[in-house]
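In case you want the letters, here they are:
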Amino acid sequence: MKFISTRGQAPSLSFEDVILAGLASDGGLYVPEALPEFSPATIASWAGLSYQELAFEVMQPFVDGALSNTELKTIIDKAYADFRHPAIAPLVQTGHNEWVLELFQGPTLAFKDFALQFLGHLLDFVLTRRQQKVAVLGATSGDTGSAAIEGCRRCENIDIFILHPHQRVSEVQRRQMTTVLADNVFNIAVEGNFDDCQNAVKASFRDQSFLPDGRQLVAVNSINWARIMAQIVYYFYAALALGAPHRPVSFSVPTGNFGDIFAGYLAKQMGLPVQQLIIATNANDILHRCIANNDHSKQALQHSLSPSMDIMVSSNFERLLFDLYGRDGAQIRRLMQEFEDGTMHLAESALTSARSLFSSFRLDDARTLEIIKDVYTRGEYLLDPHTAIGVAAARAERWHQAHPMVCLATAHPAKFPDAITQALAEKQSEPSLPLHMQDLFDREERYQVLPNDLVQIQSFVRSTLS
Ligand SMILES: *Cc1c(COP(=O)(O)O)cnc(C)c1O
């Protein structure tokens with residue numbers, strides 16, 4: 001399968017090249033030239049498959065030719081071996097025909113493990129075959145860093161460098177990164193904010209001449225195609241468990257960079273009967289404003305109780321726009337150029353299609369706390385603040401009670417003890433970490449504090465590469 005850029009001017013790439021590529025050279029994002037489509041009979045024949053077996057069926061058409069069936073199966077088995085629940089993505093009922101899909105059973109307790117465990121093993125396999133070593137470089141304000149480190153810690157051909165803003169991530173989040181003492185894992189605490197970290201990463205990708213010959217950087221942020229692909233699987237898994245393809249299923253998705261819900265859109269394009277897809281946002285609501293009022297404009301970042309959704313611009317939205325504009329790269333180039341001034345307006349036809357595909361909803365912090373409390377009080381199910389926004393969105397925007405509604409639970413509540421304590425007030429103390437992490441606060445940490453200075457960051461990377 002070939003992959004093409006949303007801006008139409010970069011060369012098309014093979015699967016193997018696209019997972020190493022990051023952004024396209026024309027500034028666009030890579031998408032498959034054509035999607036595989038599955039008939040209702042094919043989907044029906046998957047009923048009862050294990051998560052890993054289903055992952056193989058859904059992803060095989062994308063990697064056809066790049067990996068043999070046995071190779072893909074081995075990578076999938078390794079990727080999900082460290083999940084704590086035998087179902088990998090269990091469903092829990094939280095209301096009438098309403099379900100939570102627990103995507104936090106992986107090693108770092110957030111849904112990002114689904115994609116990053118897979119991507120780590122996939123990269124390592126491909127790099128071994130090419131006899132190549134790379135450096136993964138990324139910036140994190142929380143979840144992505146630990147999930148990326150967990151995904152890469154056992155990869156022989158990858159050194160991973162994760163920048164986080166010094167003293168500005170929560171202690172659970174920092175310790176999840178800094179207590180991984182593997183030889184190829186390097187945490188850098190930058191004396192600056194998240195934007196400073198991100199700017200250092202972007203500058204390093206633009207000009208990689210600071211690296212020794214033969215080394216390249218690889219991005220594992222949510223624009224990496226393999227991450228999107230791995231996320232399509234759990235939409236099929238949940239829908240099959242709830243009666244698809246014979247009855248349609250709806251999903252509500254706590255959204256930041258639009259990677260997770262874009263995977264749901266792809267599942268629908270590939271033949272899964274998805275009735276409703278709800279974009280659930282916090283106060284950083286650019287996507288909700290876009291769907292509701294055609295107002296896709298940058299606003300100042302607000303720090304919320306759901307920090308993993310605190311984004312100004314959702315980068316994966318460009319992949320949807322590409323489809324809404326008839327896959328015309330020239331139109332996307334024009335649109336993204338317009339957006340450089342901070343705002344873009346969708347054409348009427350694109351907006352109409354977007355509204356037929358997605359509902360949207362925004363929830364502020366005060367109401368996030370209310371829904372956490374309400375769901376806990378009535379059903380004793382504890383939602384993390386991100387998932388809570390998805391559940392509130394599902395309840396507010398749902399069209400039909402007759403079809404199952406699945407709310408994606410993107411993080412374990414123990415990752416956000418402050419919000420939970422605030423929501424439940426006197427009712428309950430902090431949620432406890434799962435067993436395998438209960439000694440997190442006693443573990444040894446290792447990280448390097450560096451000034452917010454590109455030269456020093458890059459010389460640290462160069463001098464520590466294996
Ligand atoms: C990353 C993240 C999100 C947002 O996912 P996107 O793919 O960026 O839309 C939501 N919740 C949690 C807990 C996350 O870590």
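You'll find the protein entered in an unreviewed UniProt entry as Threonine synthase, with Arenicella chitinivorans given as the organism. Per UniProt, the protein has the following entry under Catalytic activity (unreviewed entry): "O-phospho-L-homoserine + H2O = L-threonine + phosphate". Per UniProt, the comment on the protein under Sequence similarities (unreviewed entry) is "Belongs to the threonine synthase family."

Novice: Can you tell me about unusual backbone geometry, naming the residues and giving the values?
Specialist: Backbone torsion omega between A244 and P245 reads 5 degrees, so that peptide bond is classified as cis. Summarising the element assignment, P245 is placed in the loop between helix 9 (225-241) and strand 9 (249-254). Phi angles above zero are rare outside glycine, and I88 is one such case at about 65 degrees. Exposure remark for I88: the relative accessible area of 4% places this residue in the buried category. Its identity is not glycine, yet N97 carries a phi of approximately 55 degrees, on the positive side. Turning to its location among the elements, N97 is positioned in the loop between strand 3 (91-95) and strand 4 (98-102). Its relative accessible area of 12% is what places N97 among the buried residues.

Novice: With reference to specific residues and values, describe the pattern of salt bridges.
Specialist: Summed over all chains, the structure comprises 20 salt bridges. Measuring nitrogen to oxygen at the nearest pair gives 2.8 Å for the salt bridge that ties R129 to E16. Remark: E16 occurs in helix 1 (residues 15-21) and R129 occurs in helix 5 (residues 112-130); sequence separation between them is 113 residues. Given the relative accessible area of 39%, R129 is considered partly exposed. Put simply, D439 and R443 hold a salt bridge, and the shortest N to O gap is 2.7 Å. A relative accessible area of 37% places D439 in the partly exposed class.

Novice: Provide a residue-level description of the nonpolar core, including the pertinent values.
Specialist: One finds Y80, F118, F236, F251 and F358 to be the most contacted residues of the largest nonpolar core, which totals 114 residues. For this core, the element with the highest residue contribution is helix 9, accounting for 14 residues. Apart from the residues lying within four places of it in its own chain, the contact partners of F236 are F38, I43, W46, L54, V58, A267, M270 and L272. Core analysis: the second largest hydrophobic core is formed by 29 residues, L305, M309, A388 and A393 among them.

Novice: With reference to specific residues and values, describe the pairing of strand 4.
Specialist: A regular strand carries its side chains on alternate faces of the sheet. With five of its five residues buried, strand 4 lies for the most part within the structure. Residues E98, V100 and E102 point to one face of strand 4 and W99 and L101 to the other, with burial holding for every one of them. In terms of strand pairing, strand 3 meets strand 4 through four bridges, oriented antiparallel. For V92, the partnering residue across the bridge sits in strand 4 and is V100. Where strand 3 hands over to strand 4, the hairpin turn is made up of two residues, of which N97 adopts a positive phi near 55 degrees.

Novice: Would you mind going over the sheet that holds strand 8 (residues 217-218) in detail, with residue names and values included?
Specialist: If you trace the five strands from one edge of the open sheet to the other, you get 8-5-6-7-15, paired in parallel fashion. Looking along the sheet, the strands with just one partner apiece sit at the ends: strand 8 and strand 15 (448-451). Each of strand 5 (134-139), strand 6 (158-165) and strand 7 (185-191) is contacted by helix 6 (residues 143-152), which is oriented at about 165 degrees to strand 6, the strand it contacts most. Its contacts with the sheet put helix 8 (residues 194-206) on strand 5, strand 6, strand 7 and strand 8, and the angle it makes with strand 5 is roughly 150 degrees.

Cut-offs and rules
Residues numbered from 1 in each chain as written. Predicted model: local features only at pLDDT ≥ 70, side-chain atom pairs only at ≥ 80, totals over all residues. Heavy atoms only, no water. UniProt positions renumbered as here; feature names shortened; annotations may be inferred. Helix = DSSP H or I, 4+ residues; strand = E, 2+ residues; numbered from the N terminus. Buried < 20%, exposed > 50% of the residue type's maximum accessible area, 1.4 Å probe, protein only. Salt bridge = Lys/Arg side-chain N within 4 Å of Asp/Glu carboxyl O. Core = buried A, V, L, I, M, F, W, Y, C linked by side-chain atoms within 4.5 Å. Contact = heavy atoms within 4.5 Å. Pairing = 2+ DSSP bridges. Axes fitted to C-alpha atoms, helices over the stretch in contact; angles between N-to-C directions.

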